[in-house]
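Each chain, letter by letter, is given below.
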Amino acid sequence: MFIYLSKKIAIPNNVRLKSLSWNGDQGWIACGGENGMLKVLKLDSGNPSERQRGLAAPPSNLSMNQTLEGHNGGVMCVTWNENYRKLTTSDQYGLIIVWMLHRGMWFEEMINNRNISTVRDMKWARDGQRICIAYEDGHVIVGSVDGNRLWGKELELELCFLEWSPDGRSLLFATLDHKVQIYDSAGNYIAKLGLRTDDKVPIVGLEWFDTSAGVAEQGQPSLAVGFENGLLQLMRSESDDAPVLVDTAMAMVTLRWNPAGTLIVVAGTHGTTSSAGEWREVAMMQFFSPVGEHLRTLKVPGSSVASLSFEGKSLRIAIAVDSFIYFANIRLEYKRGYFGSTVVCAYPKYDRADTAVLFADVKTGEKVTKYVHKLLHVLSCADNCALVTHSAEANAPYYVILCNAIGAPVDSKYLDITPKYATLTRYHFVGASDSQVYVWQYRTLTSKLTSVAAAGSSLRRREGREAAFHVDDLASGQGAAEAVGGIERDISLLPSERLTDDPVIAVCATERSFFVARESGALLRCSLPHVALEATYQLRVRPLSLSVNCNGTRMAILDSNGVLSLISLEKNTETGEWGSVLAFERKDTWDFKWSSDNPELFALMEKTRMYIFSGLEAEEPVLSSAYLCDFSDLEVTAVLLDELVADPEGATSDLVVRFDTKAMRKTKEILEKGTVHEAYSFVEDRPHPKLWKLCAEAALKAKELAVADKCFVHCADYGSIHFVKRLKLLDDERLVGAEAHT
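Because the structure is predicted, anything quoted here is derived from the model rather than measured.

Bringing helix 6 (residues 676-685) into the picture now. Among all positions of helix 6, only Val676, Ala679, Tyr680, Phe682 and Val683 are buried. One side of helix 6 carries all its buried residues, which in axial view fall inside an arc of 165°. Buried-residue contacts for helix 6 involve helix 5 (662-673), helix 7 (689-701) and helix 8 (705-714).

Ordered in space as 1-28-27-26, the four strands form an open sheet in which the pairing is antiparallel. Of all strands in the sheet, those bounded by a partner on one side alone are strand 1 (2-10) and strand 26 (305-310). Taking each pair of neighbouring strands and ignoring which way they run, the sheet shows an average axis angle of 25°. The sheet contact formed by strand 1 and strand 28 (residues 324-331) spans eight bridges and is antiparallel. Its bridge partner lying in strand 28, Tyr4 is registered against Asn329.

This paragraph deals with the sheet that holds strand 10 (residues 119-124). Taken in spatial order, the four strands of this open sheet run 10-11-12-13, and their pairing is antiparallel. The open sheet has two edge strands, strand 10 and strand 13 (149-154), and neither has a second partner. Within the sheet, the average angular offset between the axes of one strand and its neighbour, ignoring direction, is 10°. Across five bridges, the pairing between strand 11 (residues 130-135) and strand 12 (residues 139-144) is antiparallel. The partner of Ala134 across the bridge, within strand 12, is Val140.

Turning to its location among the elements, Gln286 is positioned in strand 24 (residues 279-288). For Gln286, a relative accessible area of 8% puts it in the buried group. Excluding residues that lie within four positions of it along the chain, Gln286 makes contacts with Thr248, Met250, Ile264, Val265, Val266, His294, Arg296 and Thr297.

Mapped onto the elements, Asp91 comes out in strand 7 (residues 86-91). Of the side chains with opposite charge, Arg114 comes closest to the buried, unpaired Asp91, at an N-O distance of 12 Å. Within the structure, the side chain of Asp91 is placed 3.1 Å from the backbone nitrogen of Leu95, a separation counted as a polar contact. Excluding residues that lie within four positions of it along the chain, Asp91 makes contacts with His71, Asn72, Gly73, Gly74, Val75, Met76 and Thr118.

What follows covers the nonpolar core. Judged by nonpolar contacts, the single largest core of 82 residues is most densely connected at Met285, Phe287, Ile317, Ile319, Ile330 and Leu644. The element that contributes the greatest number of residues to this core is helix 7, accounting for eight residues. With residues up to four places along the chain from it excluded, the contact list for Ile319 reads Leu5, Leu20, Met285, Val300, Val305, Ser307, Leu308, Phe324, Ile325, Tyr326 and Ala328. Among the nonpolar cores identified, the runner-up in size contains 33 residues, and Val437, Val439, Phe469 and Met555 belong to it.

As a further point, take the packing of aromatic side chains. Enumeration according to the criterion identifies 22 aromatic pairs in this entry. Ring centres 5.6 Å apart and planes at 85° place the aromatic pair Trp22 and Phe327 in the edge-to-face group. Here Phe327 lies in strand 28 and Trp22 lies in strand 2 (residues 17-22), a separation of 305 residues in the sequence. Both rings, one in Phe209 and one in Trp257, keep their centres 6.1 Å apart while their planes meet at 40°; by these two values the pair is tilted.

In regions of low pLDDT, the predicted coordinates are not meant to be interpreted in detail. When pLDDT is averaged along the protein, the result is 88, and 92% of the positions lie at 70 or above. Ignoring residues within four places in sequence, the model shows residues 451-463, a span with pLDDT below 50, making 14 contacts including any to other chains. Every residue in residues 479-490 scores below 50 in pLDDT, and together they form 21 contacts with partners more than four places removed in sequence or on other chains.

Turning our eyes to something else, we now look at the pattern of salt bridges. A complete count under the given rule lists 28 salt bridges for this structure. The partner of Glu519 in a salt bridge is Arg542, with the nearest N and O atoms 2.9 Å apart. Placement of the pair is Glu519 in the loop between strand 44 (513-518) and strand 45 (522-527) and Arg542 in the loop between strand 46 (533-538) and strand 47 (543-548), with a sequence separation of 23 residues. Shared partners join several salt bridges into a network, and the residues in it are Lys123, Arg126, Glu163, Glu207 and Arg256.

What counts, and where the lines are drawn
- Residues numbered from 1 in each chain as written.
- Predicted model: local features only at pLDDT ≥ 70, side-chain atom pairs only at ≥ 80, totals over all residues.
- Heavy atoms only, no water.
- Buried < 20%, exposed > 50% of the residue type's maximum accessible area, 1.4 Å probe, protein only.
- Helix = DSSP H or I, 4+ residues; strand = E, 2+ residues; numbered from the N terminus.
- Arc of directions from axis to C-beta.
- Contact = heavy atoms within 4.5 Å.
- Pairing = 2+ DSSP bridges.
- Axes fitted to C-alpha atoms, helices over the stretch in contact; angles between N-to-C directions.
- Lys, Arg positive; Asp, Glu negative; His and termini not counted.
- Salt bridge = Lys/Arg side-chain N within 4 Å of Asp/Glu carboxyl O.
- Polar contact = N/O pair within 3.5 Å; in protein donor to acceptor, adjacent residues only side chain to side chain.
- Core = buried A, V, L, I, M, F, W, Y, C linked by side-chain atoms within 4.5 Å.
- Phe/Tyr/Trp six-rings, centres within 6.5 Å; stacked < 30°, edge-to-face > 60°.
- pLDDT = per-residue confidence, 0-100.

Put into structure tokens, the structure is as follows:
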């Protein structure tokens, strides 16, 4: 995933913010601050034009900016009841106000002022029927949506946070003495929540994701407890005795789940020393998967994050910092692929344990859904895609399924090597764990038919070849014979428990070679299909992903900060070194695609803009947030995956967006407004088979047979060359026109 700041709203009079909440259904944003400041905002992008279609966050203005009056102290808590369209707020003096919407404006509906203690937290139950209010002195009130008190109780505890369980049957209360206690919905004590930290560490966040509709991954944690020392405890339930523990290495301030339950964000500060030796605190946010895997870090301007809240679609997040609200766009990392005319994309199916994988043909509109167990990767190339999953086999816990355009299996392989990183070429699957590299020459339907050999009166089909290596052996130049005892031998002979001090962090491949990047910056280049070390490069950055152009002369490297750089894979004739760094760098990059038929062309996504590069020169950017799928014939194909995943069953071909390169657009413009001869001269300066074909078709329609003949020669279309020769033998121009149009 990638995240970047996209918008900033300043609060008048430099009022510092204390609380923030984004209504996921209707889009209202409530923010509270010092001196009773309370506002309700709403971003409205209007009707995005066709040019803006597919933007995760189109350019937006404030369609609502209402100041609500009623509080005198700092507004510490704001919470939405989305089901009943109510806003509940409280200030430092204990005043609680319930606001209702009437004719597009927010009005005061109910007031409650206990005037004894401060409200530390308040939250509505998931169904919106009940609200729980926790005071610092231990007093707890549970009320109904119509304002009636259901029950109240003195817990004799100093409270700081509360949380409803997803089913609304229990309540969690965090105390100032660093404990979490569990009560039922009637206020009866049940048990203590098991915490894995020192009793003296303050709790700064308590969040329980709503699992009532299901979870993206079966058995994933949904309850999060954050501590001031940076420890994050993730639990599958309140009785989980083996929680996931994450050290965020910062002073934590707050935390939040996204609405889909696929991300948890932790905000706080991290102390660093400047080059001048000065100590300073940097505000930042860290994003983790539900199982605690670190995904991204975002530094935020200002001193500290006061509060944060996700948009309902999980594609944007609002951040309250000092007297500003920052908005950040989130580009999620979907498991997806594209081959032929088929889009493959995985999406969570909350009503079942398996992951759903959609195969959608963008030409015919045909859709097929395939269900797999614990999907790891979706890879695609040529006429096939590979699904890498967990398997039920004890001795081979991973499974690679090669599928065609309708999701039908073509070939498969069980693995006992963890395919943490994987890539697919026209003939090979390459997977790697931290210490091992696996290569499988798979068999497609075509290769199976062409590799049948006669053995007496019977037919025998050769199996796909496979090999495995320890990355240290690979780096030292040892081949398959030394590593496994021969490429045809059983790869189970590879010692699986042997570790390495320099683990693998990324892989990529072409038809003739594959590349393995290591933690130290070493990049190994190995030949295919007979695996042997060809060259070693030294990278200056830590790659998150690698991508090689179609002729294997350049590599794109994208790091974890979204910085894209290019290196040459050719040997420098002057220095004799491999892997010289090109004078190219782009920031805030979250997607990249080489052209499959031109080594000089590539496309990339920067924030909400798509750039096409020829060599190292950029063309005019195009507004889009679509994910790049294919770049061929001077045309970029992208898919609006945010919309597709939101409604996979209703996906249509409209979700596919195509962009022409500058040369393609200019050629079409000349053919439309100029002459065929002008188009021929233009294409002659920047030749490409697709441009020659366009020019040839236009020449046929214009009955310029000589020009059409030369264009077909350039694109090596011998059948069309003979067709033009036959047209030249016709005496009647009407027959020529009729033949050309057919």
